[in-house]
Amino acid sequence: VAGQVAGQVAGQVAGQVAGQVAEEVKSLMGALSMPMTRVEIQEKLKLKGLANFRDRYLTPALAEKLVEMTIPDKPNSRLQKYRITEKGKQMLNASN
């Protein structure tokens, strides 16, 4: 019984986290009207912390292929910018 309860709780928590990530990723995609640097995106979203931005906004968006790098072979380039993908545009349009 305890295992079932733990599984249900874990499922609920995962669902809540997925919902939160979706909202943050949507706000990131909404901010990307054109290719922008990480700093420009953070300023537009009024986010100060790099770790929070990376973990809750950028990494999930990249993992879901909703956002892409303009220089994918150099992820740490100072010239790196991010742009919304076709998949991201479709998801954004579907949610509006």
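Residues numbered from 1 in each chain as written. Predicted model: local features only at pLDDT ≥ 70, side-chain atom pairs only at ≥ 80, totals over all residues. Heavy atoms only, no water.

Student: Could you give me a rundown of the overall build of the protein, with the residues and numbers involved?
Tutor: Helices and strands together make up the secondary structure of the protein, namely four helices and two strands. When the helices and strands of the protein are read in sequence order from the N terminus, they spell out α-α-α-β-β-α. In the protein, which comprises 96 residues, the proportion classed as buried is 25%. In the protein, 43% of the contacts between residues at least 6 apart in sequence involve partners at least 24 apart. Counting only carbon and sulfur atoms, one obtains 56% of the accessible surface of the protein, whose full area is about 6,500 Å². (Helix = DSSP H or I, 4+ residues; strand = E, 2+ residues; numbered from the N terminus. Buried < 20%, exposed > 50% of the residue type's maximum accessible area, 1.4 Å probe, protein only. Contact = heavy atoms within 4.5 Å. Areas by Shrake-Rupley, 256 points an atom, 1.4 Å probe, with all protein chains shown as cover.)

Student: Talk me through the confidence of the model for the protein; I want residue IDs and the actual numbers.
Tutor: The share of residues in the protein with pLDDT of 70 or more is 77%, and the mean pLDDT across the chain is 83. The low-confidence segment residues 9–21, where pLDDT is below 50, has one contact with residues more than four positions distant or belonging to other chains. (pLDDT = per-residue confidence, 0-100.)

Student: Requested: an account of the packing of helix 2 (residues 38–45) against helix 3 (residues 50–63), with residues and values cited.
Tutor: How two helices pack is summed up by the angle between their axes together with the distance between the axes. Two elements in contact, helix 2 and helix 3, have axes whose closest approach is 11 Å; the angle formed by their N-to-C orientations is 90°. By the angle between their directions, the pair helix 2 and helix 3 is classed as roughly perpendicular. In contact with Arg 38, Ile 41, Gln 42 and Leu 45 of helix 2, helix 3 contributes Leu 50, Phe 53 and Tyr 57. The residue inventory of the contact of helix 2 with helix 3, partitioned by class, reads five nonpolar, one polar and one charged. (Axes fitted to C-alpha atoms, helices over the stretch in contact; angles between N-to-C directions. Parallel < 35°, antiparallel > 145°, perpendicular 65-115°, else oblique. Nonpolar A, V, L, I, M, F, W, Y, C, P; charged D, E, K, R; others polar.)

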